[in-house]
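Remarks on the overall topology
Take a look at the letters that make up each chain.
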Amino acid sequence: MEKNLTSGSVFKNIVYFSLPFLLSYFLQTLYGMADLFIVGMFNGVDSITAVSVGSQVMHMLTVMIVGLAMGSTVTIGKAIGAKRSEQAFFVVGNTVTLFMVLSVIVTILLLIFIKPVVSLMSVPTEAVQGTVIYLTICFIGIPFITAYNIISSIFRGLGDSKTPMYFILIACVANIILDCLFIGKFHLGAAGAALGTTLSQAVSVIAALLVIYKRNTGLKLSKENFILKWGIIRQVLKIGIPVAIQDGFIQVAFIVITVIANRRGLNDAAAVGIVEKIIGVVFLVPSTMLSTVSALSAQNIGAGKHERAALTLRYAIFMSIGFGFVVSVLAQFIAEPIVGMFTDEIKVISMGSQYLHGYIWDCMFAGIHFCFSGYFCAYSMSGISFLHNLLSIVFVRIPGAYLASKYFVDTLFPMGLSAPAGSLLSVIICIIAFVLMKNVGGKSEAVKDTA
């Protein structure tokens, strides 16, 4: 199962690793949209709202779990690159123990505080009951969501990005089938959507465990590997916690900007909501580059090939800039037809295209700092990623969106520009941090820390 990413063409390794990753992200996006689409076919606005709000909460939790799991991916990758298989086995075992204990604790806490969570989301009265039911069932399934993500993080740390793609494909197909059954045939509404989501995750985890058991994965785990060791846990959490907090904070920022848009009126709120969905799809590529750079660089760092890790970063940045530039220029000409796929309201299409014209440039700038973030994570410096995202959100994105909304009431274009402006600040901070790393020898210290 292990794949050596420390030799051969850097460009080919990036493509080989990133394509399955990109498809996995796409399937996860499709997976998330299936609930909303199917419940909309058979139920009213209250169930749609319940699933929409509930899925937003679950998405926030999921991205934080994924962020935390990146600590395991990087730590395993370094051990594999350094050809320390025994250390890799301990990281795998400790990851399983740590995450499953945390998932149980988080599940219990969320179930206890489920009503305050729903209240915090300002759910319309008609949809409160459905949202509570949806989240209750999904919260119970958090151990399955956690299990899937830690299994995927382990495979990716070992250099295998294809196998996790198959797991999410299984979950996606199972979710669609179960949604049609529970929502369409049994008319369970939001509860049916939650059951479909939870059970499909369970099916995916079972499939993953069967693959690990049946296939010669190279994992030779003993009982000792599952006993928590502070040194290993510290390495995993040192990388994972800043990424998890950063991802959670980014989701909060999206919610704040949505609130700002909502206060401008129904048309502007609908326009911003539609563009956010479009941006979510386009950003699959930058997100893939972040994870690809972190996984590939980690193995090369573990093998002591620092120049190769830097070359991985360079290639990924060039690819991200190229993709972002092409998409951004293209969007200037086809923004209205794209927004028009989601609505036939002329005013919404007009405002949405304005917002997209500005926002889409974030794909290029965010792609750059995403690549840097993956590189910093590989060097156990994920705190830099947290810092530049925090500064970007607090000093540019949110205040920029607020001021643009206040002073440009007839157009959403300036408000859309607040996102790439924030990413530009992140890029500047990342470049400064990268130069300082090379000048003060930060890399060697990071390697010593993980030895």
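Residues numbered from 1 in each chain as written. Predicted model: local features only at pLDDT ≥ 70, side-chain atom pairs only at ≥ 80, totals over all residues. Heavy atoms only, no water.

1. Remarks on the packing of aromatic side chains
The description of an aromatic ring pair rests on the distance of the ring centres and on the angle between the ring planes. Within the structure shown, the criterion is met by 12 aromatic pairs. When the ring centre of Phe21 is taken as reference, the NZ or CZ atom of Arg156 above it lies at 4.0 Å. (Phe/Tyr/Trp six-rings, centres within 6.5 Å; stacked < 30°, edge-to-face > 60°. Lys NZ or Arg CZ within 6 Å of the ring centre and 35° of its normal.)

2. Side note on the packing of helix α13 (residues 346-359) against helix α16 (residues 413-440)
Running from amino to carboxyl end, α13 crosses α16 at an angle of 30 degrees, the nearest separation of the two axes being 7 Å. Taken together, α13 and α16 sit at an angle that is classed as roughly parallel. Seen from above, α13 lies across α16 with right-handed handedness. Along the contact surface, α13 presents Gln354, Tyr355, His357, Gly358 and Tyr359, while α16 presents Phe413, Met415, Gly416, Leu417, Ala419 and Pro420. (Axes fitted to C-alpha atoms, helices over the stretch in contact; angles between N-to-C directions. Helix = DSSP H or I, 4+ residues; strand = E, 2+ residues; numbered from the N terminus. Parallel < 35°, antiparallel > 145°, perpendicular 65-115°, else oblique. Left-handed = near helix turned anticlockwise from the far one by under 90°. Contact = heavy atoms within 4.5 Å.)

3. Details of the nonpolar core
Core analysis: the largest hydrophobic core is formed by 67 residues, its most contacted members being Tyr355, Leu356, Phe372, Tyr375, Phe376 and Met415. Here this core gets 10 residues from one element, more than from any other, and that element is helix α14 (residues 362-378). Ile114, Ile137, Phe139 and Ala190 belong to the second-largest nonpolar core, a separate cluster that totals 26 residues. (Core = buried A, V, L, I, M, F, W, Y, C linked by side-chain atoms within 4.5 Å. Buried < 20%, exposed > 50% of the residue type's maximum accessible area, 1.4 Å probe, protein only.)

4. A short note on the confidence of the model for the protein chain
Per-residue pLDDT for the protein chain has a mean of 87; in total, 95% of the residues score no lower than 70. Considering each helix and strand of the protein chain separately, the mean pLDDT is smallest for helix α17 (residues 442-450), with a value of 44, and largest for helix α12 (residues 306-340), with 94. Counted against residues more than four places away or in other chains, residues 442-451, with its pLDDT under 50, gives 23 contacts. (pLDDT = per-residue confidence, 0-100.)

5. Brief notes about a nonpolar patch on the surface
Judged by side-chain polarity, Val101, Leu102, Val104, Ile105, Ile108, Leu109, Ile112 and Phe113 come together as a nonpolar surface patch covering roughly 710 Å² of accessible area. By the secondary structure assignment, Val101 is in helix α3 (residues 85-112). Residue class for Val101 comes out partly exposed when judged on its relative accessible area of 45%. (Patch = residues over 30% accessible without salt bridge, like charges linked within 9 Å, V, L, I, M, F, W, Y side chains within 5 Å. Areas by Shrake-Rupley, 256 points an atom, 1.4 Å probe, with all protein chains shown as cover. Salt bridge = Lys/Arg side-chain N within 4 Å of Asp/Glu carboxyl O.)

6. Remarks on the environment of Ile384
For Ile384, the location among the structural elements is in helix α15 (residues 382-407). Linking Ile384 and Arg215, residues 169 residues apart in sequence, is a C-alpha distance of 38 Å.

7. What about the environment of Ser103?
Looking at the element boundaries, Ser103 is found in helix α3. Taking the relative accessible area as the measure of exposure, Ser103 reaches 3% and is therefore buried. Sequence-wise, Ser103 and Phe395 are 292 residues apart; in three dimensions their C-alpha atoms are separated by 33 Å. Excluding anything up to four places from it in sequence, Ser103 contacts Ile142, Pro143 and Thr146.

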